[in-house]
Structures are given as C-alpha cells and as structure tokens.
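# Per-entry structural report
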Amino acid sequence: HDFKKSYKSKDYDAKKDHNLKKSLIDAVEQVSGDNGWADLKDVGLYISQNSSFSPINHGFKKLGLLIKYLDIFEVRYTNDNFTLLVRPNRNTLIKN
C-alpha cells in the first residue's frame, strides 16, 4: 500500500510538522503499556478526549494512515490483523 497516495495537500507535508509529530508521540506514550506499545484505538481515543485533532486536517482519512506515513513509529498488527499497535521508533526518541 502506498501511503503517500493518501496524502492530499501540495503545500503541507506532515513529515515536516514537528508539533504534529511531538503531539502524536506524546499521545502514544500516554496510553502505551509497560512494553511501550499502544493500541491505535486507545491513541485515537486519548487524542479525541484531549484535543480537536483530526487526521483529515493533515491530509489523511484515518489516524493509522498518518501514523504510517510519518515513519516515526514502529507498527505491528495483532489479533488476526484487527489491532494495530504503535510505539515510537528508537531513533525518533533519540531525536526528540
């Protein structure tokens, strides 16, 4: 799947939005378990309860597509591919 095709805007690149990346990393860290992994649905719930954020404002229909596009998270599917788990890449944590 080509996630860049999900991206719509010509004047905005989510990969260059430092505040967006920091906010998403913070949200993942808030809901992650002891192993560092967070269920994407919990991340989305946390974000919706704590901000007016919408992935649509960044050119994506779904949060998972935005997470994958940013390429700052490790992504793993569990539960027969029904559950998407995410955690910040180690390189991402070093940079921030």
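Description of the structure in this document. Counting starts from 1 at the beginning of each chain's written sequence and moves along it residue by residue. Where totals are concerned, whole chains, interfaces and linings use all residues; where local detail is concerned, this predicted model gives features only for residues with pLDDT of at least 70, and gives and counts side-chain atom pairs only at 80 or more. With hydrogens and water stripped out, all remaining heavy atoms of the structure feed into the side-chain values.

## Some points on the pairing of strand β3 (residues 83-88)
- Between buried and exposed lies partly exposed: a residue is buried under 20% and exposed over 50% of the maximum accessible area for its type, with that area taken using a 1.4 Å probe on protein chains only. What counts as a helix is a DSSP run of H or I of at least four residues, what counts as a strand is a run of E of at least two, and both are numbered from the N terminus. Among the six residues that make up β3, six are buried, leaving the element largely enclosed by the rest of the structure.
- Burial of β3 is two-sided: the residues Thr83, Leu85 and Arg87 facing one way and the residues Leu84, Val86 and Pro88 facing the other way are all buried.
- Pairing between strands is defined by DSSP: at least two bridges between the two strands are required. Note that strand β1 (residues 38-39) and β3 share two bridges and pair antiparallel. Along β3, the bridge assignment pairs Asp39 with Leu85.
- Strand direction decides the pairing type here: strand β2 (residues 73-78) and β3, joined by six bridges, are antiparallel. Bridging from a neighbouring strand, Glu74 pairs with Arg87 of β3.

## Side note on the sheet that holds β1
- Strand order in the open sheet made by the three strands is β1-β3-β2, with antiparallel pairing throughout. Unpaired on one side and paired on the other, β1 and β2 mark the two borders of the sheet.
- Between two residues, a contact is recorded if the distance between any of their heavy atoms is within 4.5 Å. Helix axes are fitted to C-alpha atoms over the stretch in contact, other axes to C-alpha atoms as well, and angles between N-to-C directions run from 0 to 180 degrees. Along the sheet, helix α3 (residues 63-70) makes contact with β2 and β3, crossing β2 at roughly 135°.

## A few points about the nonpolar core
- We define the nonpolar core as a collection of buried residues of types Ala, Val, Leu, Ile, Met, Phe, Trp, Tyr and Cys that are connected through side-chain atoms lying within 4.5 Å of one another. Judged by nonpolar contacts, the single largest core of 21 residues is most densely connected at Leu24, Val43, Leu70, Phe73 and Val86.
- Among the secondary structure elements, those contributing two or more residues to this core are α1 (18-31), α2 (40-50), α3 and β3.
- Looking at which element gives the most residues to this core, the answer is α3, with six residues.
- Residue contacts for Val86: discarding those within four places in its chain leaves Val28, Gly36, Trp37, Ala38, Val43, Ile67, Phe73, Glu74 and Val75.

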